[in-house]
Amino acid sequence: MKHIQKSAIALMLTVGVGFVSCTKLEEKLNSSLTADQAQSILLKSTDVSVLLQACYDGLQGFQSQDVATSLQENSSDESLVPTRGGDWDDNGVWRVIHAHTWNADHAQVGGVFNNLLGVVFNTTNVLNFSPSASQAAEARFIRAFAMYTVLDLYGQVPFREAGENLLNAPKVLKGAEAATFIISELNAIKAVLPNGPSAGGPAFKANKDAADVLLMKMYLNKGAYGNRAAPTFDAADMNAAITIARSLSTKYTISANVWDNYAPSNDVIGKENIFTNQNIGGSRGGNLRAAWYKTNHYNMNKSGWNGFTTLAAVYDKFEATDTRLGVNYPDPAGVLPNPKGVNTTGFLVGQQYDLKTGAALQDRKGAPLAFTRAVALQESGNNLEVTGIRYWRYVVDNKDGNDGQPDNDYVFFRYSDVVLMEAEAILRGGTAQGGVTALSLVNSLRAKRGATAATSVTLKNADQNSPDAGGVITILNERQREFHWDGWRRQDQIRFGTFLAANALKPVTDAKYLLYPIPNGALAVNPNLTQNPGY
Amino acid sequence: MNVKMLARLTLVGLFACVLSLFSQAQNKTVSGKVTDAKDGSPLAGASVVVKGSKTGSQTGADGSFKISIPASATTLVVSSVGFGSQNVDIQGKTSVDVSLAATSDNIGEVVVIGYGTARKKDLTGAITSVKAKDFNQGPITTPDQLIQGKVAGLQVINNSGQPGSPTTIRIRGNSSVRSGNSPLFVIDGIPLDGRNARPGLNANGIGQTPDANPLYFYNPNDIASMDVLKDASATAIYGSRGANGVIMITTKKGSVGAPKIDFSANIGQNTVRKKYKVLNAAEYKAALSSYALTSGNDGSDVDAQDAIFRKGFIQNYNLGIGGGNENGKYRFSLGYSDQNGVILKSNLKKYNIGMNGQYKFLESKRLSLDFNLLAAHNTDIGVPVTNDAGFQGNLVGMALQWNPTRALYKSTGALNVVPGESVVNPLAMSAGYDDVADITNIFATVGLGYKLTNNLDYKFNISLNTQTGVRKATEAPYITIPGVEGRGFGFYANAELNSQVLQHTLNYNKQLTSALNMTAMLGYEYQKFSYKGSGMSAQDFTNQGDVSFTSIMQNSSAASRSIYSWNDPSSELQSYFGRIGFNYEDKYLLTATFRADGSSKFGANNKYGYFPSAAFAWNIHNEGFMKGNNTFSSLKLRASYGVTGNSSFPAGSAQSQYTFGQQSIALANVANPDLKWESTKQFDLGLDFELASGVLYGSVDYFNRNTTNILFNFDAIQPAPATKYWVNLPGNVKNNGVEVSLGAAIIKKKDLQWNAQFNIAFLSNKLENYTGPAVLTGSISGQGLSGASVQRLTSGQPLNAFYMKEFMGLDQTGNSTFRDNGNTLYYIGNPNPKQLFGLSTDLTYKKWSFVANFNGAAGHDIYNNTLNALIPIGNLGSRNVASSLIGGGVKESLANPITTSTRYLEKGDYLKLANLSASYNVGTLGALKNVRVFLTATNLFIITKYSGFDPEVNTDKNIGGVPSLGIEYTPYPAVKGFNFGFNFNL
């Protein structure tokens, strides 16, 4: 018996000890790769295009209504989100943007900062994986674009070199210093970048032409980045912009129909597009549907969120014949016959009609769905659902299955921007080249848009809210007509010195609002950041 | 893994052992009954042993025993835990009845501690043990509900009234700013993972459905006791998982004696405890005319809440078979429960099987083998009641908003659905939404033990827990939610949760001198957890007929399809631990514990954490100077101090992870190689007492918990691959409080007994020395509230402090006014109760007995997001509004914006009669013994000023994983009901 017991003990101890097998506690990630694995796998296949794709996807934030584009547009004189009784109060986030009373706790201010710097990180990280020269250039272009947006919004850009320890606070590039860095980056990569649409490349990839357009933006805004309250414009910068514009002018023309550039198939028919963010209908991409959801009333087709409006002063800057006011663009999906023949792009004023049946629409309380010119930051009264002029920047993708994922690529850079930037650079002291003038450039655009030819061109009107009159066309107004709700307005207004001026819904505001504050969360973790003055 | 194989083989073998135990040889039989001297009630589980031998038996539930003994035996020793021991002469007798006197009701009992058990009188830590007889009554779905209100300092919130709804459980308050404030659950010595394999669902347009309760696989009827470990002396042995307290669940085991069957059945019915007060048709019409609105009266008269709520039928059946002899015991159990929820379609079916055995082998009985198998299958039919839907998408919200003058059905009998309309008919939503989850849980443990010497025991446990869940959900294309309407939606997902536990323990017990006893335990434990799954969803099915979309996912449009799979980083925990205890003359007790936890989750620079504790107890009543004192039969002072940890951050946070997107790979996180556990230091001072008369007993505890190295998902330093990363931040979460438990035997007569237990905890909670920016949580959902939040974590405030505008009433135009015009937000409320209390009382008169269990909380606030967002005044003319908005002094403007403010912050104080039960002990009925019938009413009444469905609510409104607390948003409403049942033995 005794030895049976002993063998039992021995057996148990063997079994038991067998299970002890002290583990080294090495963590298995299972569905993701460790840094070492990623390094070896990506290097083995010498294909970092998967990493690069994540960088492009990082730019999808621009497509949503509540991120970078909100900060760039809703703070300007051409977009706002009125509180409509129960809707769109959202703890006041929209009102403070338009009224210039935001602070460093604002969710959009924090979210955009993180989103863009995430792109800066991901692009830099591509460089750790031995990309090809062309891939490295693509990554650096996307990085330059993200850094430029951070600079534009916040005036300071935290920057890490490839491989830096993420637990350490990185250095911060400020104002003109950041502008210089971005320009040097663009010049360094331009030759290596893939070809642009003018040479058969897709607009949704970083390309030589896109680098050119971004360089022009940098030259034009450099003075503002050095001193936003009183920008100066260096003639050399203006001339550099003009030289680039001349070279692009040989590669692109202005479209006969501006809306083709915003149609679901704009990757094919949008001939002005130079840099876009790709969406594939029903399959992949960003939140482009926000372009119509954010402004459509619930009872329209498409149904929307009944939010964003523009201001009547903007609407009044268009001539009746200007196609940029809106056209009846036939539904590319063929779903909505639009028997009433109303405009399906551009501004929506007055009674709205069902695009399927042609019936006059009503709001949720049974009143006519007729958008009013008047709008207040905080709506009250029985017509609060219908106040404010609405705007469709993109041709609505009505194709079945594309509701959550429209096909329209999101447009960053368009050739008409090059034209107007060239005209502006000439007016700001640059030397015209190639026989064009500011006037001829502006008129070449206006002719395509169905607008009357200008007799002369100036930078801006004394009252920024007033329309152009007497044949004198201002660049600032022309830019608004051409790029309404495209995300450029705040930058343009700052460069033209009208950002702080009063408009129908806001008084003159303090100079501190020329910059957004550094978000409190970011400030707390990086001592190299300093809060922007006044916050 | 061969571990699994071994477990399976062992189980098969053991089942064979069970069967062999049914017949035994005998030489003389004595039978009898053991009763409580106090009232003559039967004593179950009393031990009956032949004096001077190991031959023995135990009494059954009716107190009876039957024992076969050597013909030479003359004396039986009869004893029971909490009662004295008695020698009974059996010479010439075949039948004896014994009545035992209680020694001291509560001091002699055995409580479960980490990796062992202890007599309550030897405890140095703060542990509250709740036995089955004291559990809450009524239709209990999950084990945690059994002890709600029973333990001082334990808060159990039923998050909603949905069958199988999760509960929010806090022991001694919130200590972590992150999720993971739940205590560790340990079943029969095996720590659980704490997650649930029901796949998450975020169906188009309706938001996130709430999680299921991680314990809802365990049959409350299989549980013998639950022990709540509160102070560091008790919890530090669980190291990095012990900081939130530990709840030990002990399942029922067989007892020595002939095989016995016990059966119980009950049926019942639940209804919604309280409907939300919205306007009825007449009130609605009056409101329309008072606001001069011409539209909005559709001429019907309906109550949409009545339309979606129903009486929920409940049935429960449990069968147990148990028995054993001196060589082994076994128990086998079956359970079936079918619970209809009070919302149309909602249902939870549970099928439970339990099987356990404890066997001794060899002549010396030194070898022991235990096994425990708990298997369950749950079929959980969900409803579209989500945490974060907008004004559409939540069934309860739809019903609250439905215009009461608008017909739910057309005259044709079809549902009144207008295509393209933003208002959704709740009945169409209910009819068009299906959500079925099938989850199987297998929990199996095998233990081998060997008594190496008389003082030294070795035990090896291996346990596997496998959960698999499959969930299928569909939305019909006629539901008028954008993205669903005209397209439909199908969802099919599965998840798999696995954990393994290996334990080796050595227990040593030696009387060193006549005065000094030493106990010691040394252990090793290895735990491994993994969690994975996959899913697919699609839309645009051409089939509009009777075939479920989830059966024909290929019928969808290619563009609408989405597939995903995931496999979380597995985590391993390797631990070494020990405990040593000294007992000097039963006067001075000293316990020290230590645990070293190594975790694969921890950063490379902090692989191991160390968690010590020490405790001292002084049995004052055993001192010489107390001799002759007749006041106290027990008086014990306890003090303990120790360190515990909380490591509930996601595995994989310490190292870089490159994750896969659609045709892309990106670095997804900021790795933190310094990442480690959150550390809680806890001091506890307690006093246990019992009056000699036995009339009054209780405990008082003061505790002070200080949590440091706070685990935080904090702002990453940009540019970074993620916006947040896991870090241990400096700062302290301080919880302190006083807990009082009192029990009284108010009447102790033969035919009439009346007992009462009361407990109360006074709690205080604060975040200190945190220097980062305030962390937002408590997101508020609904139209006009995008991005809104009402809670903050910031230094100097309790966790989840409410932060919002202060409402100052309506102005003359009917618009809200706020202090400082709403430009300033204030810290203005606290969702953490300042007091938690529970009261239980039972009264027995002859064969009747009555039990009532109350619980409550006070000193906290609840944010009513339902009222804020879904039924505001602006709805008038198209949707319904809350009754409270009509008829006030000032007529509220229809354009008054929806915004967060103290207008919707309400006092959460409540006291509820959670259950009231009456039972009658029929006794023997033919072959049936111990027949008992009972009737239980749940949530019979509640005292509260809270205007929402129920003050016991916690809708999950976390932001980025920072948990919220005390917010109601269109939850599945709380229920009340009754059930009737009976049980008997065979």
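## Considerations on the overall build of chain B
- Helix and strand counts for chain B stand at seven helices and 55 strands.
- Its C-alpha radius of gyration of 30 Å places chain B within 12% of the 30 Å reference for a compact globule of 986 residues.
- Overall, chain B is about 95 × 65 × 60 Å in size when its C-alpha atoms are taken along their principal axes.
- For chain B, with 986 residues in total, the buried portion stands at 56%.
- Within chain B, contacts between residues separated by at least 24 positions form 72% of all contacts whose residues are at least 6 apart in sequence.

## Considering the overall build of chain A
- Check the secondary structure of chain A and you find 18 helices and twelve strands.
- Relative to its length of 535 residues, chain A is compact, with a C-alpha radius of gyration of 27 Å against a globular reference of 24 Å.
- When its C-alpha atoms are laid out on the principal axes, chain A stretches across 115 × 60 × 50 Å.
- Split into buried and exposed, the 535 residues of chain A put 55% on the buried side.
- Here the analysis covers contacts within chain A between residues at least 6 apart in sequence; of these, 64% occur between residues at least 24 apart.

## Some details on the sheet that holds strand E50 (residues 905-907) of chain B
All names here are of chain B.
- In space, the three strands of this open sheet follow the order E50-E49-E54, with mixed pairing throughout. The open sheet terminates on both sides in strands that have one partner only, identified here as E50 and strand E54 (967-968).
- Summarising the sheet, strand E49 (residues 861-864) and E54 pair through two bridges and their orientation is parallel. Following the sheet pairing, Asn864 is matched in E54 by Glu968.

## Focus: the interface of chain A and chain B
- Taken together, the contact between chain A and chain B spans 77 residues of the former and 78 residues of the latter.
- Those elements that provide at least two residues to the side of chain A that touches chain B are helix H1 (2-20), helix H2 (35-44), helix H3 (49-58), helix H6 (107-126), strand E2 (156-159), strand E8 (378-379) and helix H18 (520-525) of chain A.
- When residues of the side of chain A that touches chain B are assigned to their parent elements, the largest contribution, ten residues, is made by H6(A).
- Taken together, the residues of the side of chain A that touches chain B break down into 33 nonpolar, 30 polar and 14 charged.

## What about helix H9 (residues 208-226) of chain A?
Residues and elements named next belong to chain A.
- Here H9 spans 26 Å end to end across 19 residues, near enough to the 27 Å set by a 1.5 Å rise per residue.
- Along H9, the helix axis deviates most sharply at Leu220, where the bend reaches about 45 degrees.
- Judged by how many residues are buried, H9 sits mostly within the fold: 18 of 19 residues are covered.

## As for the sheet that holds strand E43 (residues 801-804) of chain B
All names here are of chain B.
- As summarised here, the arrangement of the four strands in space is E41-E42-E43-E46, forming an open sheet in which the pairing is antiparallel. The open sheet terminates on both sides in strands that have one partner only, identified here as strand E41 (775-779) and strand E46 (826-829). Direction aside, neighbouring strands of the sheet carry axes that sit 45 degrees apart on average.
- Direction of pairing for E43 relative to E46: antiparallel, over a ladder of three bridges. Bridge pairing in E46 links Phe802 to Gly829.

## Quick word on the packing of H9(A) against helix H17 (residues 489-496) of chain A
Residues and elements named next belong to chain A.
- H17 packs onto H9 with a crossing angle of 65 degrees between their chain directions and a minimal axis gap of 9 Å. The handedness of the crossing between H9 and H17 comes out as left-handed. Together, Leu220, Asn221 and Ala224 of H9 and Gln491, Ile494 and Arg495 of H17 make up the contact between the two elements.
- Of the residues belonging to the contact of H9 with H17, the class tally is three nonpolar, two polar and one charged.

## Focus on the packing of helix H14 (residues 415-427) of chain A against helix H15 (residues 438-449) of chain A
All names here are of chain A.
- Remark: H14 packs on H15, axes separated minimally by 8 Å, with the N-to-C direction vectors making an angle of 160 degrees. Here H15 runs roughly antiparallel to H14, going by the angle between their axes. In this structure, H14 crosses over H15, and the sense of that crossing is left-handed. Judged by residue contacts, Ser416, Val419, Leu420, Glu422, Ala423, Ile426 and Leu427 of H14 engage Ala438, Leu441, Val442, Ser444 and Leu445 from H15.
- A per-class count over the contact of H14 with H15 returns nine nonpolar, two polar and one charged.

## Focus: the environment of Ala290(A)
- Relative to the helices and strands, Ala290(A) resides in helix H12 (residues 290-293).
- When residues no more than four places from it in sequence are discounted, the contact partners of Ala290(A) are Gln63(A), Ser64(A) and Gln65(A).

## Brief notes about unusual backbone geometry
- For the bond from Asn301(A) to Lys302(A), the omega torsion is 0 degrees, close enough to zero to count as cis.
- Relative to the elements of secondary structure, Lys302(A) occurs in the loop between H12 and helix H13 (312-315).
- For the bond running from Gln718(B) to Pro719(B), omega is 0 degrees, close enough to zero to count as cis.
- Along the chain, the position of Pro719(B) falls in the loop between strand E37 (710-715) and strand E38 (724-729).
- Despite not being glycine, Asn800(B) has its phi angle at roughly 60 degrees, a positive value.
- Looking at Asn800(B), the number of C-beta atoms within 10 Å reads 27, which means it is buried.

## Describing the environment of Asn728(B)
Residues and elements named next belong to chain B.
- Among the structural elements, Asn728 can be located in strand E38.
- The exposure class of Asn728 is buried, given the 21 C-beta atoms found within 10 Å.
- Separated by 645 residues in sequence, Asn728 and Phe83 place their C-alpha atoms 50 Å apart.
- When neighbours within four sequence positions are excluded, Asn728 is seen to be in contact with Leu675, Lys676, Glu678, Asn709, Ile710 and Leu711.

## A word on the confidence of the model for chain B
- Chain-level pLDDT for chain B is 90 on average; 96% of the residues reach the 70-or-more range.
- Scored below 50 in pLDDT, residues 1-26 of chain B makes 27 contacts in the model with residues more than four places away or belonging to other chains.

## Observations concerning the environment of Thr777(B)
All names here are of chain B.
- You can see Thr777 is positioned in strand E41.
- Separated by 23 residues in sequence, Thr777 and Asn800 have C-alpha atoms that sit 7.3 Å apart.
- Those residues in contact with Thr777 that lie beyond four places of it in its chain are Ser789, Gln791, Leu793, Asn800, Asn958, Ile959, Val962, Pro963 and Ser964.

## What about helix H10 (residues 235-249) of chain A?
- Helix length check: H10(A), at 15 residues, gives a terminal C-alpha distance of 21 Å against a target of 21 Å (1.5 Å per residue), a fit within 8%.
- Close packing links the buried residues of H10(A) with H9 and H14 of chain A.

## Section: the pairing of E43(B)
Residues and elements named next belong to chain B.
- Of the two faces of E43, the one lined by Ala801 and Tyr803 and the one lined by Phe802 and Met804 are each fully buried.
- Where strand E42 (residues 789-793) and E43 come together, two bridges link them in antiparallel fashion. Bridging from a neighbouring strand, Arg792 pairs with Ala801 of E43.

Conventions we followed
Sequence order as written defines residue numbering, which begins from 1 separately in each chain. Going through the entries in the order they are written, you letter the chains from A and number the ligands from 1. Since the coordinates come from a predicted model, pLDDT governs what is reported: local features require at least 70, and pairs of side-chain atoms require 80 or more to be given and counted, while whole-chain, interface and lining totals use all residues. Here a helix means four or more residues in a row that DSSP labels H or I, a strand means two or more in a row labelled E, and each is numbered from the N terminus. We compute the radius of gyration from the C-alpha atoms alone; for a globule the expected value is 2.2 Å times N to the 0.38, where N is the number of residues. Exposure is read from a count of other C-beta atoms within 10 Å of each residue's own; the residue is exposed at 12 or fewer, buried at 20 or more and partly exposed in between. C-beta atoms are placed from the backbone. Each residue is represented by a C-beta atom placed from its backbone, and any two residues with such atoms within 7 Å are regarded as in contact. Paired strands, as defined in this entry, are two strands with at least two bridges between them according to DSSP. Only Asp, Glu, Lys and Arg are considered charged in this grouping, and only Ala, Val, Leu, Ile, Met, Phe, Trp, Tyr, Cys and Pro are considered nonpolar; every other residue, Gly among them, is considered polar. Expected helix span is given by 1.5 Å per residue-to-residue step, counting one fewer step than there are residues. To get the bend at a given residue, fit one axis to the seven residues ending there, fit another to the seven starting there, and take the angle between those axes. Angular values range over 0 to 180 degrees, each being the angle between N-to-C directions of two axes fitted as lines to C-alpha atoms, with helices fitted over their stretch in contact. With the far helix as reference, a near helix turned anticlockwise by less than a right angle produces a left-handed crossing, and one turned clockwise produces a right-handed crossing. Oblique is the label for every angle not falling under 35 degrees (roughly parallel), over 145 degrees (roughly antiparallel), or within 65 to 115 degrees (roughly perpendicular). Confidence scores here are pLDDT values: one per residue, from the predictor, ranging 0 to 100.

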